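Summary of the model geometry
Listed here are the chains, written in short residue letters.
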Amino acid sequence: MMELVQRASSCFIHTAKFSSPQNRRHLANSSCKSRKKKSQTNTTSSNFARTKSLVVRASDEVDTAVVLDKPTLRPPRFQVFDGSPAPFGATARDGGVNFAVFSMNAVSATLCLTTLSDLQDKRVIEQIPLDPLTNKTGDVWHVFLKGDFTEMVYGYKFDGDFSPQGGHYYDSSQLLLDPYAKVSAQPCIPFPSINHLIQAVVSRGEFGVLGPEGDCWPQMVCMVPSPDAQFDWEGDLPLKLPQRDLVIYELHVRGFTRHDSSRTEFPGTYVGVVEKLDHLKELGVNCIELMPCHEFNELEYYSYNSVLGDYKMNFWGYSTINYFSPMIRYSSAGNLDCGHGAINEFKLLVKEAHKREIEVIMDVVFNHTAEGNEKGPTLSFRGVDNSVFYMLAPKGEFYNYSGCGNTFNCNHPVVRQFILDCLRYWVTEMHVDGFRFDLASILTRGSSLWDAVNVYGNPMGGDLLTTGTPLSNPPLIDMISNDPVLRGVKLLAEAWDCGLYQVGRFPHWGIWSEWNGKYRDTVRQFIKGTDGFAGAFAECLCGSPNLYQVGGRKPWNSINFVCAHDGFTLADLVMYNDKHNLANGEDNNDGENHNNSWNCGQEGEFASISVKKLRKRQMRNFFLCLMVSQGVPMIYMGDEYGHMKGGNNNTYCHDNYINYFRWDKKEEASPDFFRFCCLMTQLRRESESLGLNDFPTAERLQWHGHSPGTPDWSEASRFVAFTLIDSVKGALYIAFNTSHLPVTISLPEWPGYGWEPLVDTSKPAPFDFLTDDLPERDTAIKQYAHFLDANLYPMLSYSSIILVLSPDNDA
């Protein structure tokens, strides 16, 4: 019997019927000890393959049957070498793959390899323990493998202290993502085919489909790179458009083409966006700002929403899992070919955008990750080295400056190098043209270091630098700003977080721009007719010199916007006084309460004809203001046709019509508001004075009131007008009347010239913008003739105008 137990302990026990619990425990313990010993001494792979089974019966006294494998020798799957500590991640080279990962506090590291099909059965094919003597340099674990990596994926297991109060969460049973992984994938589940054309559907290769056994957080693994992976860029080069010339469009990849009316071959994907790039070109957009396209889990908030009868999703994607990986479920290929298709489809989007002279900026979320606080999942950073990657309090608590559970420890030396490497990768490998940094103020906060050394390498003195303290010269911003690769790309900061507002004060090194939240708030207040904002509104029209001129920046450092993904759409802004977020299932407690909106007299979509006309006028006013302001205008996806979200100002969780671009509605708006938007962007592009490289001075710009040269900056003023000298148009007269009363204004006199109407937002389409090819243009102009002959112009309430200087033939 003892001989039998010894033989069983060196093989896998398939089935057994034991006479007593003691025998059962004895056999199991022997087997586990033997396997553990073998894994410690064999750093390549198992030399046995299961071929045949042998059934052995011990004796009649003990009714025990053990089914044993008959071992057969096979060559090792991989040749294992020491490897190199650089570069981080998995790198194909020299006929193999080098793996390198940082972990300062782990006591052991194991490289795990498998296939997606084996992972579905929760099987890891190869576990390669890394020797701290030969496979570790400093705090970097590394190994080099040669062998067959076809369809292979990988992850790591780390062991060390599990002491949350000390900042450590090591768990050797967790299979972790490599922070430097270029593609992350999840196991597949074959789906029964619906017809002969649809062979199979994989679970986490498709957006919103649950993982194995209904799991919302199925095991994620990393792609092993292939030296054969190539992409034909067709000579693509950076466009390097002057930032002052940009018209930015904030775009959600899935939402842009997911609606049935898009009629794209692959709706909701990078390829789907490619099919619709000509729409953006027609609109006059030359830069798209992609909402998060790093790998995230859309099932993070998965729960039944009884209000809409569907399921809540993490639709926006501000919850990153891996920063080097494109969102795999935004690709038509899904996780086929272990994610290579997703990389190529993202590259295709960038290449095709560049062909149309459209730059691509990525919205990146380096302020927090999807792992959340101590109650969140352990996916990557927490299990690799929690105390390095996250900002922690002295007893291990997670600081939460992001409002999402954790705060990325951005100014830690290792983390800031990680962020720099990531940004460089997307620029050099994926050809993106810049980045918008979500909650960028977190990038300026002091890190938490567990070796009692501050971010500059000097010993800390008392509490002079506490964790999270805003830094005047944050090392990360310094590194990005002066990096030879990144200094030439667009860098946009959302200059605030949950406790720090830095609009106009963000550390910039002369090259960073900011989402100008003060522009949004001021423009909303003035356009809806709030007293006391005339002077602040004039600052916005000039590019906010009150915020940026003193710091040495330019108008184009201000990213001007009225609406963005977070808040009301343009149509809802003029339709609702209050948020209506019941569809989120949070009793209307979520979302911003102060929207500076105005419903024009009636709440909601259904209103009188007069109210609807006023709303259209207000939408035109907002868009005109955006296009004539110095700085860089940003349009939110769908605002060009008047997309409505029913007054919901926090649609983060809706993978449905609420967030989908409605191409059918766009076609309905084409002769009306969409036409107006296209013409306004064209006017901006053609006018030399509407995208200046510096703040306008009195030599170019003059302010007016109801009479020329007499602006009214009083608290009660609701009228702002100005003229701009323009080398192309001659001169432009632009005025805003946000009073509830109409007014007749006197125009500035220009000897030998007269004013000709171009834009009047109070007029119905197509007379809101008088183009040269408009059939009734001459008739429309004659209607103004008796006013213009007297150098006057009538303006309705809540309207704006643009007049162009033209030679006076009667002079």
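From a predicted model like this one, the values you see are computed outputs, not experimental measurements.

Each value, and the rule that gives it
Residues numbered from 1 in each chain as written. Predicted model: local features only at pLDDT ≥ 70, side-chain atom pairs only at ≥ 80, totals over all residues. Heavy atoms only, no water. pLDDT = per-residue confidence, 0-100. Contact = heavy atoms within 4.5 Å. Pairing = 2+ DSSP bridges. Helix = DSSP H or I, 4+ residues; strand = E, 2+ residues; numbered from the N terminus. Axes fitted to C-alpha atoms, helices over the stretch in contact; angles between N-to-C directions. Buried < 20%, exposed > 50% of the residue type's maximum accessible area, 1.4 Å probe, protein only. Polar contact = N/O pair within 3.5 Å; in protein donor to acceptor, adjacent residues only side chain to side chain. Core = buried A, V, L, I, M, F, W, Y, C linked by side-chain atoms within 4.5 Å. Salt bridge = Lys/Arg side-chain N within 4 Å of Asp/Glu carboxyl O. Expected span 1.5 Å × (residues − 1). Parallel < 35°, antiparallel > 145°, perpendicular 65-115°, else oblique. Left-handed = near helix turned anticlockwise from the far one by under 90°. Nonpolar A, V, L, I, M, F, W, Y, C, P; charged D, E, K, R; others polar. Phe/Tyr/Trp six-rings, centres within 6.5 Å; stacked < 30°, edge-to-face > 60°. Lys NZ or Arg CZ within 6 Å of the ring centre and 35° of its normal.

Looking at the protein as a whole, its pLDDT mean stands at 88, while 86% of the residues score no less than 70. A low-confidence stretch, residues 188-203 (pLDDT under 50), is modelled with 25 contacts involving residues beyond four sequence positions or located in other chains.

One open sheet holds the five strands; their spatial order is E28-E29-E30-E34-E32, and the pairing between them is antiparallel. Strands with a single pairing partner mark the edges of an open sheet, and in this sheet they are strand E28 (701-704) and strand E32 (753-760). The sheet shows a mean angle of 20° between the axes of neighbouring strands, direction not considered.

Inspection of the secondary structure puts histidine 654 in the loop between strand E27 (632-636) and helix H16 (663-669). Here histidine 654 falls in the buried class, since its relative accessible area comes to 1%. Engagement of the side chain of histidine 654 in a polar contact is seen with the side chain of asparagine 584, the distance being 2.6 Å.

The biggest cluster of nonpolar side chains holds 187 residues, and the ones touching the most others in it are Phe99, Leu113, Tyr249, Phe435, Phe437, Met680 and Phe736. Element by element, the count of residues in this core is highest for helix H15 (residues 609-628), at 10 residues. Apart from the residues within four sequence positions on either side, phenylalanine 437 is in contact with Val364, Phe366, Leu423, Leu443, Ile480, Leu491, Leu492, Ala493, Glu494 and Trp512.

One pass over the structure, following the stated rule, counts 34 salt bridges. Among the ionic pairs, glutamate 352 bridges to arginine 356, the shortest N-O distance being 3.3 Å. Relative accessible area serves as the criterion here: at 13%, glutamate 352 is assigned to the buried category. As a salt-bridge pair, arginine 718 and aspartate 531 come within 2.9 Å of each other at their nearest N and O atoms. Linking arginine 718 in the loop between E28 and strand E29 (719-726) with aspartate 531 in the loop between helix H11 (517-527) and helix H12 (534-541), this pair joins segments that are 187 residues apart in sequence. Arginine 718 gets classed as partly exposed once you look at its relative accessible area, which sits at 21%. One salt-bridge network, held together by shared partners, links Glu234, Asp278, Lys351, Glu352, Lys355 and Arg356.

The amide bond that connects alanine 86 to the next residue, proline 87, takes the cis arrangement and shows omega of -5°. Tracing the backbone shows proline 87 in the loop between strand E4 (78-81) and strand E5 (89-93). The residue serine 544 is not glycine, and still its phi comes out positive at about 60°. With respect to the helices and strands, serine 544 occurs in the loop between H12 and helix H13 (545-548). Under the relative-accessibility criterion, serine 544 is labelled buried at 3%. The phi torsion at aspartate 587 lies on the positive side, around 55°, for a residue other than glycine. On the secondary structure map, aspartate 587 appears in the loop between helix H14 (570-573) and H15.

Along its 20 residues, H15 runs 29 Å from first to last C-alpha, staying within 8% of the 28 Å computed at 1.5 Å per residue. Along H15, 15 of the 20 residues are buried, which leaves the element largely enclosed by surrounding structure.

Right, let's get into the sheet that holds strand E24 (residues 490-493). Taken together, the eight strands give a closed barrel; going around it, the order is E16-E17-E22-E23-E24-E25-E26-E27, and neighbouring strands pair in parallel fashion. Pairs of neighbouring strands in the sheet enclose a mean axial angle of 25°, with direction left out of account. The pairing of strand E25 (residues 513-515) with strand E26 (residues 558-561) spans two bridges and is parallel. Looking across to E26, one finds that glutamate 514 is bridged to serine 558. The strands touched by helix H7 (residues 340-355) within the sheet are strand E17 (287-290) and strand E22 (359-364), with E22 carrying the most contacts at an inclination of about 140°.

What follows covers the side chain of aspartate 768. Relative to the helices and strands, aspartate 768 resides in the loop between E32 and helix H18 (777-782). Ignoring any residue separated from it by four or fewer positions in sequence, one finds aspartate 768 in contact with Arg620, Arg675, Phe676, Leu758, Val759, Asp760 and Lys763.

Running from N to C, helix H9 (residues 413-428) and helix H10 (residues 475-482) point in directions that differ by 30°, and their axes come no closer than 10 Å. Classified by the interaxial angle, the pair formed by H9 and H10 is roughly parallel. Handedness of the H9/H10 crossing: right-handed. Of H10, the residues touching H9 (which contributes Arg416, Gln417, Ile419, Leu420 and Leu423) are Pro475, Leu476, Met479 and Ile480. Residues that form the contact of H9 with H10 fall into these classes: seven nonpolar, one polar and one charged.

On inspection of all chains with the given rule, the structure shows 61 aromatic pairs. A centroid spacing of 4.2 Å and a plane angle of 20° characterise the contact between phenylalanine 526 and phenylalanine 537, whose relative ring orientation is stacked. Taken together, the residues phenylalanine 526 in helix H11 and phenylalanine 537 in helix H12 connect sequence positions 11 residues apart. Per residue, the accessibility class of phenylalanine 526 equals that of phenylalanine 537, and both read buried. For the cation-ring pair, lysine 182 lies above tyrosine 425, with the distance from its terminal atom to the ring centre recorded as 5.5 Å. Positioned above the aromatic ring of tyrosine 401, the side-chain terminus of arginine 445 is 3.7 Å from the ring centre.

For tryptophan 496, the position within the fold is in the loop between E24 and E25. Accessibility expressed as a relative area gives 14% for tryptophan 496, which makes it buried. When the C-alpha atoms of tryptophan 496 and leucine 443 are compared, they prove to be 9.9 Å apart, with 53 residues separating the residues in sequence. Apart from the residues lying within four places of it in its own chain, the contact partners of tryptophan 496 are Leu439, Ala440, Ser441, Tyr501, Val503, Trp515 and Gly517.

Let us look at the pairing of strand E10 (residues 140-147). Within E10, six of the eight residues are buried, leaving the element largely enclosed by the surrounding structure. Pairing analysis gives four bridges linking E4 to E10, with the strands arranged antiparallel. Across the sheet, phenylalanine 78 pairs through a bridge with glycine 147, a residue of E10. Pairing geometry for strand E6 (residues 96-102) and E10, over six bridges, is antiparallel. Looking at E10, one finds that valine 101 is bridged to tryptophan 141. Pairing geometry for strand E9 (residues 136-137) and E10, over two bridges, is antiparallel. When the sheet's bridge partners are listed, lysine 136 is paired in E10 with tryptophan 141. Joining the antiparallel neighbours E9 and E10 is a turn of two residues, in which glycine 138 adopts a positive phi near 60°.

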